[in-house]
Structures are given as C-alpha cells and as structure tokens.
Amino acid sequence: MEQFGKRRRACTRSRFHQVEGQDVCRIEVQPSQSLFTVDEKGGKPVQLYIRTGNASRALDTREIIEYSRRRWPNG
C-alpha cells in the first residue's frame, strides 16, 4: 500500500473492533476523484486496478477507457 502514498490515506479509514474476543481491523475505502496507478516492480508497465468486492483487478486498455468514461463522464 505504500506505493499509493498520502493520496491513498485520504480515501481510507481504519477501525479496530473486538468480535467474540478477537481483534478485527475494519478498513473503509471511499471512491477517489482521480486515478490511482501502481508502478509494478521488475519493469512491468504501469497498471490501473479497480476494487471489485474484496479483491483488486487490473484493467486492460479497453476496460480503462470504458471505466474512465463511466466514472468521470465530464473529465
């Protein structure tokens, strides 16, 4: 998560709870108003990831264009 820096922290909030005697960390992530990209290690190209439920998924070029049109229609 460090690769996202301070911008990521502005979109997240962590809370700790006790559930049946166990410590549980709850992380809430709000939608961003701008793109977050990840610089992959090992010389791989920069990729755009989106959250789908509890997982992240890299988008291909067509998906990035369509996602951008839907997410930021006036951008």
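How each quantity is defined
- The written sequence of each chain sets the order in which its residues are numbered from 1.
- Local features in a predicted model are, by the rule used here, given only for residues with pLDDT of at least 70; side-chain atom pairs are given and counted only at 80 or more, and totals for whole chains, interfaces and linings are based on all residues.
- Computation of side-chain values: all heavy atoms of the structure, hydrogens and water removed.
- A run of H or I in DSSP becomes a helix once it reaches four residues, and a run of E becomes a strand once it reaches two; helices and strands are each numbered from the N terminus.
- For this document, the term salt bridge refers to a Lys or Arg side-chain nitrogen within 4 Å of an Asp or Glu carboxyl oxygen.
- The buried label goes to any residue with under 20% of its type's maximum accessible area, the exposed label to any with over 50%, and the partly exposed label to all in between, with areas taken from a 1.4 Å probe on protein chains only.
- Strands are treated as partners if at least two bridges between them are detected by DSSP.
- N or O atoms within 3.5 Å of each other form a polar contact, as long as, within protein, one can give a hydrogen and the other can take it, and as long as residues adjacent in sequence are counted only when both atoms are side-chain atoms.

1. Focus: unusual backbone geometry
Here comes step 1: One non-glycine residue, Glu20, lies in the positive phi region at around 50°.
Here comes step 2: Tracing the sequence through the fold places Glu20 in the loop between strand E1 (12-19) and strand E2 (22-29).

2. Some remarks on the pattern of salt bridges
Here comes step 1: Inspection of every chain in the model, using the stated rule, returns 4 salt bridges.
Here comes step 2: With a closest N to O distance of 2.6 Å, Arg13 and Glu28 form a salt bridge. One end of the pair, Arg13, is in strand E1; the other, Glu28, is in strand E2, with 15 residues separating them in the sequence.
Here comes step 3: Glu28 sits in the buried class, given a relative accessible area of 16%.
Here comes step 4: For Glu28, the salt bridge identified is with Arg26, shortest N-O distance 3.0 Å.

3. A short note on the pairing of E1
Here comes step 1: Examined bridge by bridge, E1 and E2 share 8 bridges and lie antiparallel to one another. Within E2, the residue paired with Arg15 across the bridge is Arg26.

4. Examining the environment of Asp60
Here comes step 1: Mapped onto the secondary structure, Asp60 falls in the loop between strand E5 (55-58) and helix H2 (61-71).
Here comes step 2: Sequence separation between Asp60 and Leu48 is 12 residues, and the spatial gap between their C-alpha atoms is 8.2 Å.
Here comes step 3: A distance of 3.2 Å separates a polar side-chain atom of Asp60 from the backbone nitrogen of Arg62.

5. Let's talk about the side chain of Glu28
Here comes step 1: At a separation of 2.6 Å, a polar atom in the side chain of Glu28 contacts the side chain of Arg13.
Here comes step 2: Among the polar contacts made by the side chain of Glu28, one reaches the side chain of Arg26 at a distance of 3.0 Å.

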